[in-house]
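Here's the letter readout for the chains.
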Amino acid sequence: MFDPTNPPETPLKAIHVENDSEADYTDLGGIIHLSSVPQDNFTVSLFSTRWDIRSIYNEAKALNVHYFVEIDSMNYETIIQDTIDTQYLLNPRPPFLYAANIYYHLQKQDDIFTNLSSSFSSVTYPIIYNDNEALPANDWGGIFIVYPDNTTEIHYHNGYNPYIIMHELTHFYTFNRMNSLTFSGVASTMLDKAMDETFAEYWLGRDLVTNSPIRNYRGNSIAIDLLDIYNIHTSAVYNNLSLNLNEDFYSWYYCAMPIAAVWEDIRLSLWFYDFDIKLLGALTPIIANDQDLHKPRFFYNILMRTSTPNAQMIINKAYSDRGLHFTPKVVSAGISNPPEGRDKNMFRIGDPVHMKVINCPQNIPLTVYVVEDQDYTDGMYISALNAIICQVSGTSDNDGVWYSSTPVMAASDVEDYDILVDKNL
Ligand SMILES: [Zn+2]
């Protein structure tokens, strides 16, 4: 069993070591070959060529340690402690917590990123600050910050929790792949964070460490694979219960959990690794802020547009199974609100015709038209429709369903009709 109070030692690769006039980085095994025994200036620093971890109370430089133990005359070892005292007598500071843990998980997450995008291997991470006591005072405290001038930083409260370490790193990866753009600008609020968090959760899920070799992964407190949009909407844990359930709600911060779960479902049913590449392919062409970027529909549309009809059905079902409805389907029926499977599309003269709309965003106004059968073109206007036989308006319910309680028409002639639904968004 893993004992979080006594973690095993794990080598740190690519860590900076200086000794006498030599300076280099450790290899994959955390080893460096020096030409002389440790001298007075022997220093091990928590930075590599691509990342740099500091205490927010000592912003000027990466954490350095100078101690070592002699194993034999040819071998020396430096163990980075969990808590490193950076206090100065005249300038008290808190200890530097779990810095090696951050370093280790940064490497692990970076392996996933560079495997997905080889060009990412030359990207320099933002400086990572630990000991930020302004963040929630537990090991869940972490934040990826984008300043108005587009510089970035990552902060942690203590760097203990691998989940939170990796989560913040994934925000940076997404930001970088999206050409240093954010989903909704720097004034983002909880109401438009869903896509940012969805990508963070999704990339994190590519190699979730359930039993970290260094610090125990305590588990995401949110079991994302069980959640749908209704769980988020009705839970006082995830919102203050004053938000309306409609398509705007899909952009709420915590809706990232069901959306990330939808993506996991699609990944497992269709593409596996290639789905990761498909998502990257959706991010990299984004070169300007778009007012729709933060809307879950934006990425739904890209996925649908770049998929075969068979894959589109699976994608659509994965979203709607978790309560996210984007593409309404309208059907005719012989009675109002027929149970599933009782839809009816052939009528005798005089039969009442009811309409039912399913898979519609919740609680939105819509109009249903019945028109004489015709051909359609993309972007066509309602005004260009053939003779409109009838037109009925309504509002979808909490399940994204609407049906006409009275017949919308009675078949009076032998003819083909089409039914159209217009979402008045
Ligand atoms: Zn986040």
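So, a few notes on the structure that sits alongside this text. (Residues numbered from 1 in each chain as written. Predicted model: local features only at pLDDT ≥ 70, side-chain atom pairs only at ≥ 80, totals over all residues.)

## What to know about the sheet that holds strand S15 (residues 365-372)
Stated precisely, the cut-off is as follows: Two strands form a pair only when DSSP identifies at least two bridges running between them. Going along the chain from the N terminus, every DSSP run of H or I of four or more residues is numbered as a helix, and every run of E of two or more is numbered as a strand. Lines are fitted to the C-alpha atoms to define the axes, a helix being fitted only along its stretch in contact, and any angle between axes, read from their N-to-C directions, falls within 0 to 180 degrees.
Taken in spatial order, the three strands line up as S16-S15-S19 in an open sheet, and their pairing is antiparallel. Edge positions in the sheet fall to strand S16 (388-395) and strand S19 (417-423), since each of these pairs with one other strand and no more. Averaged over neighbouring strand pairs, the angle between their axes works out to 20° when direction is ignored. Looking at chain direction, S15 and S16 are connected through seven bridges and run antiparallel. Opposite Val368, over in S16, you have Val392 as the bridge partner.

## Section: helix H3 (residues 194-204)
So the rule is basically this: Here a residue counts as buried when 20 or more other C-beta atoms fall within 10 Å of its C-beta, as exposed when 12 or fewer do, and as partly exposed in between; the C-beta atoms come from the backbone. Once C-beta atoms have been placed from the backbone, residue pairs whose C-beta atoms lie within 7 Å are recorded as contacts.
The element H3 is extensively covered by neighbouring structure, given that 11 of its 11 residues are classed as buried. Against the buried residues of H3 lie helix H2 (162-177), helix H5 (256-271) and helix H7 (296-305).

## Quick notes on the sheet that holds strand S4 (residues 53-55)
Spatial strand order, S4-S10-S12-S11: four strands in an open sheet with mixed pairing. Because the sheet does not close on itself, it has two edges, and the strands there are S4 and strand S11 (142-146). Averaged over all adjacent pairs, the angle separating strand axes in this sheet is 25°, with direction ignored. Sheet topology places S11 next to strand S12 (residues 152-156); five bridges connect them, and they run antiparallel. Looking at S12, one finds that Phe144 is bridged to Ile154.

## Quick word on unusual backbone geometry
Unusually for a residue other than glycine, Tyr98 sits at a positive phi of about 45°. If you trace the backbone, Tyr98 turns up in the loop between strand S9 (96-97) and helix H1 (99-116).

## Details of the nonpolar core
Inclusion rule: Here a nonpolar core is just a set of buried residues of the types Ala, Val, Leu, Ile, Met, Phe, Trp, Tyr and Cys, joined wherever their C-beta atoms sit within 7 Å.
Counting residues in each nonpolar core, the largest one holds 70 residues, and the members touching the most others are Ile53, Ala99, Ile102, Tyr103 and Cys255. Residues contacting Tyr103, with those up to four places away along its chain left out, are Leu12, Leu46 and Ile53. Counting residues in each nonpolar core, the second largest holds 10 residues, with Cys360, Val368, Tyr417 and Ile419 among its members.

## Details of the environment of Ile164
Turning to its location among the elements, Ile164 is positioned in helix H2. In this structure, the C-alpha to C-alpha distance between Ile164 and Trp140, residues 24 residues apart in sequence, is 5.9 Å. When residues no more than four places from it in sequence are discounted, the contact partners of Ile164 are Asp139, Trp140, Gly142 and Tyr156.

So far we have only geometry, and geometry alone does not tell us how the molecule works.
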